[in-house]
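What the coordinates show
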Amino acid sequence: MTPNLAHTRADRAERVQNPRMLAEVSAGLSAPQKELPPKYFYDQRGSELFEEITRLPEYYPTRTERGLLESWMPELMPPLGTRTLVELGAGSAEKSRVILDAMRAGGLAELYVPIDVSATFLSQTAARLRCEYPGLLVEPAIADISEELRLPRWLPRPVLYAFLGSTIGNFYPPAAIRLLGRVRAAMAPGDRFLMGVDLRKSVARIEAAYNDRQGVTAEFNLNMLRVLNHELDADFDLHGFEHRAFYEPVAHRIEMHLVATRAQQVRIPGMAPVRFAKGETLRTEISCKHDRDSVAELFASAGLRIEAWRTDPASLFALVTGAPA
Ligand code: AVJ
């Protein structure tokens, strides 16, 4: 059991009644292609496993994006005059520091609003940043960005909304447009949007990033079952499932699945038992890969226009800024 979730039996009874999660899980597990949203990876252990993934030799996105931020932010931030950084899916805020440093270099950094679903991880991140950046106001917001932004009322402007790590790739296009639309709705004319996107490239290179030799991604994927067991008192047997990640070329996306290694039944209090046939899969994540045109299309559908586009020399990853269209 993850250390920050020391729960009594009474808590467990309370948690079983988590109607929103139960409803979402029930709908996902009764679909023809069983599917659950990737947010259920991220309890404390899941957030830590993802941090481990970012350090893997095969997983190029994080370090490539970081290199881009380090080379571009000192140039991009001063003319923007940003006073507030709002970050969607902030996680450990490792990369956000590069942006905050560039804001502080201009003497303008006033407020940082990290938004994330993992409450414990977020409060740890906020505490660390308050120590590292004395004088910077840090106001974490616990929210599921696939549904809402939950911003503080007071936001010194101009604001930069950042969405890093290519987490936009986790969203099917309609949901991606809705999310970008929420950001657009929060933007004032002088505000800007910064997004990291993983670019289309050789399938072998992409698939290797989701099938690392050490098996950390497999552990991360299986951790979703641990979260369901813990949060909903389900009885998934992690030994009855295995990790699979492959590239789907038509939709230009990685798909992560958990494959049932035998026929089995899973019990989740409050819903009918779930049957898995041998070989049946549960889709746990999509990670869409983009190019400039596909990003321009998403932005246009959300009322944004591309203002600047920057890639690394090998065109593995891109940073793009968006302005109100
Ligand atoms: C954090 C969503 C960007 O899709 O590449 C890493 C998560 N999944 N390895 C991604 C992830 C498997 C990651 N994002």
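Since the model is a prediction, treat every value here as computed from it, not as a measurement.

Rules and cut-offs
Residues numbered from 1 in each chain as written. Predicted model: local features only at pLDDT ≥ 70, side-chain atom pairs only at ≥ 80, totals over all residues. Heavy atoms only, no water. Near = heavy atom within 4 Å. Polar contact = N/O pair within 3.5 Å; in protein donor to acceptor, adjacent residues only side chain to side chain. Areas by Shrake-Rupley, 256 points an atom, 1.4 Å probe, with all protein chains shown as cover. Core = buried A, V, L, I, M, F, W, Y, C linked by side-chain atoms within 4.5 Å. Buried < 20%, exposed > 50% of the residue type's maximum accessible area, 1.4 Å probe, protein only. Helix = DSSP H or I, 4+ residues; strand = E, 2+ residues; numbered from the N terminus. Contact = heavy atoms within 4.5 Å. Phe/Tyr/Trp six-rings, centres within 6.5 Å; stacked < 30°, edge-to-face > 60°. Lys NZ or Arg CZ within 6 Å of the ring centre and 35° of its normal.

1. What about the site of the ligand?
- Around the ligand sit 14 residues, and of these Tyr 59, Gly 165, Tyr 210, Glu 285 and Ser 287 come closest.
- Between the ligand and the protein, one listed contact pairs a nitrogen atom with a side-chain N or O atom of Glu 285 at 2.7 Å.
- At a separation of 2.8 Å, an oxygen atom of the ligand approaches a polar side-chain atom of Ser 287.
- Relative to its free-state accessible area of 350 Å², the ligand is covered by the protein chains to the extent of 96%.

2. Re the nonpolar core
- Ranked by internal contacts, the top residues of the largest apolar core, which has 40 residues, are Val 25, Leu 29, Leu 225, Phe 236, Ile 268 and Phe 276.
- For this core, the secondary-structure elements that each account for two or more residues are α2 (19–29), α3 (44–53), α8 (203–209), α9 (216–232), β8 (241–248), β9 (253–260) and β11 (274–276).
- If one sorts the elements of this core by residue count, α9 sits on top with 8 residues.
- Apart from the residues within four sequence positions on either side, Phe 276 is in contact with Leu 29, Lys 34, Phe 236, Phe 241, Ala 260, Arg 262, Ala 263, Gln 264, Val 266 and Leu 282.
- Of all hydrophobic cores here, the second largest spans 33 residues; its members include Val 159, Ala 176, Leu 298 and Val 320.

3. Some remarks on the packing of aromatic side chains
- This model, assessed by the stated rule, comprises 12 aromatic pairs.
- Plain terms: the ring middles of Phe 50 and Tyr 59 are 6.2 Å apart, the flat faces sit at 85° to each other, and that makes the pair edge-to-face.
- When its relative accessible area of 23% is taken as the criterion, Phe 50 is described as partly exposed.
- On the basis of relative accessibility, which here comes to 8%, the residue Tyr 59 falls in the buried class.
- The rings of Phe 41, Tyr 42, Phe 50, Tyr 59, Tyr 210 and Phe 220 are connected pair by pair, giving a single aromatic cluster.
- Sitting over the face of the ring of Phe 276, Lys 34 holds its NZ or CZ atom 4.9 Å from the ring centroid.

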